[in-house]
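The residues making up each chain are set out below.
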Amino acid sequence: MPNSNRVVLALGGAGTVGSGIVKAFLDKGFKVVVVSRDSNRLEKLKEFISPSSRENLVTLVGNVGSEEGAEEVKQTLLKAVGKVTDVVSSLGFSWWQGGPPHTQSVKELQWVLETLILSTFVSWKAFFPLVKDDPSCTYTFITGGAGDKLLMPGTGFLTVGAASALAFCQVLREEYPDMPCKLNQVKINTGVAPPDRLAPGYLSHLDLGEAVATLVERRNTSHAVFNVNCPTDLKTILLENNM
C-alpha cells in the first residue's frame, strides 16, 4: 500500500511530540488526521507544517478523552476520510511537578490519571477496532521513561500516570499476541523539544517524528518496545534500518 493511500490518526498530534510526528508523516506523503479540543492548537499546527503538505492534513475539534467524545470523533473522522490505516498515540503531557504526594488531593491524582492513562485507554477502545484485523495497519504508542523512576522530588504523580501507560502497553502486547495489526511502543527516556529549545541530551521533535514515521512506514515489526535514550539512538534507528 503506497503512503498516499494510508491515513494516520495522530492522537496528541497538536503537542510538541505529536507535531514532529505529524510533520514527518506528511512529508512522507501520508494523509494525517489530528484531533484536539483546542482549535487554536490546530491552527498553530497548520502553520508549523510544510505548506505543500497542508492539503493532506485533516484537523478535527473533539475530545478523545471521554467515551462519548471519542465515539463522536470516530464517526466524524470516518465521514471525512473514510478509513484509518495507522494510529499513533502520544496523548497526555510531558511534565508534572505538583509536589509530594501527601500534599496532593484525590482530585489532582484523578486528573493526572485521566490525562495520562484514561484518555489512552478510551481512544484505544474507540479506534483499535478500525485497524485490529488488518496486517497492513499499525497502532503505535509513544510513552516516556518517567514510568520507570521518579525523575525528581515532587514529580510522583507523573511517575504514577506514566507507569500506568507502560503497564497498559504491556497488557495489550500480552492480551493480543496474535493480533494481525502491527502493535509497537516507542519509549522515550529523555526530553523532547523543538530545535530552538533543545537542551543537552534532548531529542528534537523533528528527529523523533522521522523515526516514528519510519517505523510505521516499514511495518516490519510488531509487539516490540523501542527504547530511545539519546539522539544517537534515533540516528542508529534511521541509518541502520533496525527499527
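Above this text you will find the structure in question.
Attention here is on the structure that accompanies the text. Remember, predicted model here, so these are calculated numbers, not experimental data.

**Brief notes about the packing of helix H1 (residues 16-27) against helix H6 (residues 205-218)**
Interaxial distance between H1 and H6 falls to 7 Å at its minimum, and their mutual angle equals 55°. By the angle class used here, H1 and H6 are oblique. As for the relative orientation of H1 and H6, their crossing is right-handed in sense. Where H1 abuts H6, its residues Thr-16, Val-17, Ser-19, Gly-20, Ile-21, Lys-23, Ala-24 and Phe-25 lie against His-205, Leu-206, Leu-208, Gly-209, Glu-210, Val-212, Ala-213 and Val-216. Its residues placed into classes, the contact of H1 with H6 shows nine nonpolar, five polar and two charged.

**Some thoughts on a nonpolar patch on the surface**
Judged by side-chain polarity, Trp-95, Leu-151 and Met-152 come together as a nonpolar surface patch covering roughly 270 Å² of accessible area. Along the chain, Leu-151 turns up in the loop between strand S5 (138-144) and helix H5 (156-175). You can call Leu-151 partly exposed: its relative accessible area is 40%.

**Topic: the environment of Val-81**
Following the sequence through the fold, Val-81 ends up in helix H3 (residues 67-81). Expressed as a C-alpha distance, the spacing of Val-81 and Val-58, which sit 23 residues apart in the sequence, is 8.3 Å.

What counts and how
- Residues numbered from 1 in each chain as written.
- Predicted model: local features only at pLDDT ≥ 70, side-chain atom pairs only at ≥ 80, totals over all residues.
- Heavy atoms only, no water.
- Axes fitted to C-alpha atoms, helices over the stretch in contact; angles between N-to-C directions.
- Helix = DSSP H or I, 4+ residues; strand = E, 2+ residues; numbered from the N terminus.
- Parallel < 35°, antiparallel > 145°, perpendicular 65-115°, else oblique.
- Left-handed = near helix turned anticlockwise from the far one by under 90°.
- Contact = heavy atoms within 4.5 Å.
- Nonpolar A, V, L, I, M, F, W, Y, C, P; charged D, E, K, R; others polar.
- Patch = residues over 30% accessible without salt bridge, like charges linked within 9 Å, V, L, I, M, F, W, Y side chains within 5 Å.
- Areas by Shrake-Rupley, 256 points an atom, 1.4 Å probe, with all protein chains shown as cover.
- Salt bridge = Lys/Arg side-chain N within 4 Å of Asp/Glu carboxyl O.
- Buried < 20%, exposed > 50% of the residue type's maximum accessible area, 1.4 Å probe, protein only.

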